[in-house]
Every structure is written in structure tokens, then in C-alpha cells.
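Here is how the chains run, residue by residue.
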Amino acid sequence: MSNPNLIFISQSMLAGNGSMQVCLGHELSHYWFGLLLGAKDWTEEWLSEGFATFVEYIIEAEVRGWSDVERNEHEQIIDYLRYRTLVTELSHTKPELQTLCPNHDKEAEEDGKSTSLNFVKNGMNPYKMFTQVHYLKGYFLLRWLTKVIGYIGMRQLLREYIVKGHGRMVTSREFLNMTYGHFPKLQQYYSIEDLCHHWLGCPGLPSEINECTPSETNSLYQSVLSDLCHWEKSDRSLKCRKNSAKRRKSTFDGSMLNSKQLLLLLERLLEKRTLHRITLACINEHYHLATANAEVQHRWFELVVKHKYVPAYEGLAQYLVDHQAMGVYLYGEMIIARCARLRSMAEKTFIELSSTMEPTTKNIVQKMLYG
């Protein structure tokens with residue numbers, strides 16, 4: 001990102017149906033949040049990544065021409081998915097990697113004198129690059145502010161923030177001072193000091209980030225629940241039959257879900273302790289998961305690993321080759337599964353790729369496999 005006109009795109013982003021274009025919106029938004037307006041303290045990544053994660057769907061709503069109702073329905077699905085991801089991330093992330101402002105907005109001191117910060121806290125921690133906490137907690141802070149000041153108010157605030165901060169390095173406190181200056185009603189909820197402590201300075205989940213379950217009137221969510229109900233019912237039926245080993249073609253005529261709906265459906269299916277192999281085959285066939293985007297395929301292969309669905313192992317091995325950065329998490333799942341065949345596949349793939357694998361990724365996967 002040293003040149004805003006030179007952005008390298010991973011092949012994982014090149015989905016044929018354009019469903020990963022929102023990731024381009026994220027990277028392009030760094031032109032404002034990260035380049036034209038940077039963080040004075042590099043430990044405050046949320047000023048770049050949290051803002052880009054928030055703005056990417058403003059960009060998508062504009063590009064796709066969503067109405068207010070459509071935008072709201074999509075935002076509810078996105079919030080729900082991100083809530084679930086954040087909860088999982090926090091459960092596996094050390095507390096020192098969970099704060100958005102680890103230096104507490106203070107300058108370092110040397111010999112009793114204040115000096116500018118000259119190091120990045122946890123900057124050499126290889127696990128930091130694989131955590132999404134500063135993306136997601138930053139996103140939810142901006143979402144909470146939007147709920148208080150309104151969607152239009154937030155867009156006006158961001159515009160002025162960019163104009164006034166153009167070409168400068170700023171801190172979290174500067175952004176919040178501007179926000180409170182324009183919207184003093186925020187004092188009814190938190191003082192700036194309390195907000196900095198509650199949202200930026202503490203690990204864990206702020207109390208304002210609730211479960212984010214979409215409303216009952218959300219048509220996108222209801223379609224997911226309808227499909228989920230079908231697969232649960234079908235799975236129970238298969239398990240009750242004595243002669244359920246024969247492969248049968250799926251006759252499900254439910255609506256085809258978009259990528260975010262598919263992610264949510266697969267996440268809910270991951271909660272199931274067991275799924276019949278025929279159920280998994282029908283799900284794969286109905287949603288054409290072999291041609292889905294890399295994000296959806298990742299969730300599918302999590303199901304494959306969890307339920308040891310052998311027919312999809314070849315696709316899993318190819319995924320690890322084609323999507324090396326995203327595949328890091330799957331190596332962990334394959335080890336946790338305690339399956340000799342999956343472990344052997346993980347080790348074989350790693351050996352084949354290790355000579356060209358990005359060094360930090362290689363180090364993490366090697367530790368997963370061999371300790």
C-alpha cells in the first residue's frame with residue numbers, strides 16, 4: 001500500500017461471481033484510512049483496519065444501489081457474522097492482543113522526558129498478523145457510534161475527519177475529540193475517558209456488542225433459517241432410516257443464497273454435533289460449493305474436517321494450495337480433528353509448499369504441525 005495506485009490482489013479475491021469485490025472496497029478505503037490519514041501510534045491499527053472494515057460496506061451499498069431497507073438487512077447479516085467471528089477470535093487470542101489502544105494514548109518516556117513512541121508493541125509477535133480483533137472491535141465501535149449519531153451523521157463525520165486530518169498522523173483521542181465535539185449527546189453514554197478505557201484500553205467484548213441477531217423481518221435471515229430447518233429435518237430423517245447408505249440426489253428447491261447468507265448457514269451447521277454424509281453431499285451439490293468464493297469454501301471445509309467427509313478431502317488439499325493465507329486456520333482444524341489421514345494430508349501439503357510459503361505463515365503452520 002505504499003502506492004495507492006498499486007494494489008496487489010490475492011487470487012483468493014478473484015471469485016467469478018464478484019462476491020469478493022467488497023474486499024477491494026476495503027483495500028481501496030485505505031487510500032483514506034492509512035495513507036492520507038495515518039495512525040501516529042502504529043499499535044492503534046483500528047484507525048486503519050477498523051475504519052476500512054466499516055467503510056467497505058458503505059462502498060458496497062453505494063455500488064450495488066441498495067435501498068435503505070436492503071442496506072439494513074445486509075448490515076444485520078454482516079453484524080451477526082462479525083459478532084460470531086469476534087467472539088471466537090477473543091476466545092483464542094491473548095489479552096495483550098485484544099486492546100485497540102495498548103499504549104493508552106500516551107507517549108513513551110525516556111529518562112523522565114516525554115518522547116515520541118519509537119516501537120510497535122507486539123510488532124514482532126507472529127500471531128498478531130492472523131488476528132482480526134483490531135478489525136472487528138474497531139468496526140463495532142464505529143457501528144455503535146453510528147447507532148447513536150445516525151447513519152447520515154456518521155458519513156458527515158467521516159468526511160470532515162478526512163478533510164481536516166488530510167496528510168496528518170493522528171491518535172484515537174483526536175478522532176474521539178472531533179466526534180464528541182460534533183455530537184455532545186455522546187456524553188450521555190460515556191465520557192471520552194470512559195470510552196477510551198471501555199472500548200480501546202480493555203481486552204474482551206464491550207457490553208454494547210451484543211449477539212447482533214438479525215430481526216424477524218429480515219428476509220435474508222429468514223431464508224437462511226428456512227434452509228437450515230430443511231437440512232436439519234433431512235439429516236434427522238437420514239439418521240432414522242436403516243438403509244440410508246445409498247447416495248441420493250438432492251431434490252431441495254430452496255432459494256439460492258448469496259455468499260453472506262451461505263457463510264451464515266454453514267456456520268450454523270458447524271454447531272451441529274453430527275451430520276450425515278449424505279446431508280453433506282447434498283449441501284455441497286445444491287449450493288455448488290466447489291465454485292463458491294474462498295471465504296464460503298473455507299467454512300465448507302471446516303465442516304468437511306469436523307465430520308471427516310472423505311469425498312471432499314481432495315478439494316480440501318487443493319484449497320490449502322490455492323489459498324495459502326486463508327488456509328492457515330484449516331491446518332489447525334485438521335490437527336485438532338485427531339484423524340491420521342487429515343494430519344498426513346496437512347503434513348504432505350505443508351512439505352510441498354514450505355519452500356515458497358511466506359515466512360510468517362510457514363512458521364505458524366510449522367508450529368501447528370510439530371509444536
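Remember, predicted model here, so these are calculated numbers, not experimental data.

With that out of the way, let us pick up the overall build of the chain. Helices and strands together make up the secondary structure of the chain, namely 15 helices and four strands. A buried classification covers 50% of the 371 residues belonging to the chain. Considering only residue pairs separated by 6 or more positions, the chain has 73% of its internal contacts joining residues 24 or more positions apart. Element-wise, carbon and sulfur atoms account for 53% of the exposed surface of the chain, whose accessible area totals about 19300 Å².

This brings us to the packing of aromatic side chains. For any pair of aromatic rings, the description rests on two quantities: the centre-to-centre distance and the angle between the ring planes. Across all of its chains, the model carries 18 aromatic pairs by this definition. Centre to centre, the rings of Trp-231 and Tyr-287 are 6.2 Å apart; their planes meet at 65°, and the pair counts as edge-to-face. Linking Trp-231 in helix H8 (residues 219-240) with Tyr-287 in the loop between helix H10 (277-286) and helix H11 (294-306), this pair joins segments that are 56 residues apart in sequence. Residue Tyr-287 is classed as buried on the basis of its relative accessible area, which comes to 4%. Between Trp-300 and Tyr-309, the ring centres sit 6.0 Å apart and the planes meet at 70°, which makes this aromatic pair edge-to-face. When its relative accessible area of 2% is taken as the criterion, Trp-300 is described as buried.

Turning to helix H6 (residues 172-182), a few remarks are in order. Of the residues making up H6, those classed as buried are Ser-172, Phe-175, Leu-176, Met-178, Thr-179 and Tyr-180. Looking at the packing, one finds that the buried side of H6 touches helix H2 (49-64), helix H4 (133-149), helix H5 (151-165) and helix H7 (192-200).

Looking now at H2. Under the 1.5 Å per step criterion, the end-to-end length of H2 is 23 Å for 16 residues, consistent within 8% with the ideal 22 Å. The buried fraction of H2 amounts to twelve of the 16 residues, a majority that puts the element mostly inside the structure. Every buried residue belonging to H2 is among Glu-49, Gly-50, Phe-51, Ala-52, Thr-53, Phe-54, Val-55, Glu-56, Tyr-57, Ile-58, Glu-60 and Ala-61, and all of these are buried. Contacts made by the buried residues of H2 are with helix H1 (21-29), helix H3 (68-92), H4, H5, H6 and helix H9 (259-270).

Along the chain, Glu-56 turns up in helix H2. Residue contacts for Glu-56: discarding those within four places in its chain leaves Val-22, Gly-25, His-26 and Arg-82.

Of the volumes computed, that of the second largest pocket is approximately 300 Å³. Around the second largest pocket, the lining residues are Trp-32, Phe-33, Val-55, Ile-58, Ile-59, Glu-62, Arg-155, Leu-158, Arg-159 and Ile-162. Of all the secondary structure elements, the ones that give two or more residues to the lining of the second largest pocket are H2 and H5.

Turning our attention to the packing of H8 against H9. The axes of two packed helices give the description: the angle between them and the distance between them. Two numbers describe how H8 lies on H9: the axes approach to 10 Å, and their chain directions differ by 40°. Here H8 is positioned oblique relative to H9, judged by the angle of their axes. Viewed along their axes, H8 and H9 form a crossing whose handedness is right-handed. Where H8 abuts H9, its residues Leu-220, Tyr-221, Ser-223, Val-224, Leu-225, Asp-227, Leu-228 and Trp-231 lie against Gln-261, Leu-264, Leu-265, Arg-268 and Leu-269.

For the coordinates displayed, the defined rule picks out 19 salt bridges. Residue Arg-84 pairs with Glu-271 through a salt bridge whose shortest N-O separation is 2.6 Å. Pair noted here: Arg-84 is in helix H3 and Glu-271 is in the loop between H9 and H10, with a separation of 187 residues, a long-range link. Overall, the relative accessible area of 17% leaves Arg-84 in the buried class. On the basis of relative accessible area, Glu-271 is assigned to the partly exposed category, the value being 47%. When salt bridges with common partners are traced through the structure, they connect Arg-84, Glu-267, Arg-268, Glu-271, Arg-299 and Glu-302 into a single cluster.

What follows concerns the nonpolar core. In this structure, Leu-265, Leu-269, Tyr-287, Trp-300 and Leu-342 are the most contacted members of the largest nonpolar core, which totals 57 residues. Ranked by size, the runner-up nonpolar core spans 48 residues in total, among them Trp-144, Ile-149, Leu-157 and Ile-192.

With that settled, consider the environment of Phe-51. Tracing the chain through its elements places Phe-51 in helix H2. Taking the relative accessible area as the measure of exposure, Phe-51 reaches 0% and is therefore buried. Taking C-alpha positions, Phe-51 is 8.3 Å from Ser-29, a pair spaced 22 residues apart along the chain. The residues touching Phe-51, leaving out its near neighbours within four places in the chain, are Phe-33, Trp-46, Leu-142, Leu-158, Tyr-161 and Phe-175.

Further remarks concern the confidence of the model for the chain. For the chain, mean pLDDT is 87; residues scoring 70 or higher make up 88% of the total. For the chain, per-element mean pLDDT is lowest for strand E2 (residues 108-110), which scores 39, and highest for H11, which scores 97. In the predicted structure, residues 107-119 sits below a pLDDT of 50 and forms 15 contacts with residues beyond four places in sequence or in another chain.

Since its relative accessible area comes to 7%, Glu-56 is described here as buried. Counting along the chain gives 34 residues from Glu-56 to Val-22, while the straight-line C-alpha distance between them is 6.2 Å. Polar side-chain contacts of Glu-56 include one of 2.8 Å to the side chain of Arg-82.

Turning next to a nonpolar patch on the surface. Taken together, the side chains of Ile-9, Leu-14, Leu-24 and Leu-28 present a nonpolar region at the surface, about 370 Å² in accessible area. Its place among the elements puts Leu-28 in helix H1.

Rules and cut-offs
- Residues numbered from 1 in each chain as written.
- Predicted model: local features only at pLDDT ≥ 70, side-chain atom pairs only at ≥ 80, totals over all residues.
- Heavy atoms only, no water.
- Helix = DSSP H or I, 4+ residues; strand = E, 2+ residues; numbered from the N terminus.
- Buried < 20%, exposed > 50% of the residue type's maximum accessible area, 1.4 Å probe, protein only.
- Contact = heavy atoms within 4.5 Å.
- Areas by Shrake-Rupley, 256 points an atom, 1.4 Å probe, with all protein chains shown as cover.
- Phe/Tyr/Trp six-rings, centres within 6.5 Å; stacked < 30°, edge-to-face > 60°.
- Expected span 1.5 Å × (residues − 1).
- 1 Å grid on protein atoms, 1.4 Å probe; cavity = no way out; pocket = protein on both sides within 12 Å on 5 of 7 lines; lining within 4 Å.
- Points joined across faces, edges and corners; volume = space filled by probe spheres on them.
- Axes fitted to C-alpha atoms, helices over the stretch in contact; angles between N-to-C directions.
- Parallel < 35°, antiparallel > 145°, perpendicular 65-115°, else oblique.
- Left-handed = near helix turned anticlockwise from the far one by under 90°.
- Salt bridge = Lys/Arg side-chain N within 4 Å of Asp/Glu carboxyl O.
- Core = buried A, V, L, I, M, F, W, Y, C linked by side-chain atoms within 4.5 Å.
- pLDDT = per-residue confidence, 0-100.
- Polar contact = N/O pair within 3.5 Å; in protein donor to acceptor, adjacent residues only side chain to side chain.
- Patch = residues over 30% accessible without salt bridge, like charges linked within 9 Å, V, L, I, M, F, W, Y side chains within 5 Å.

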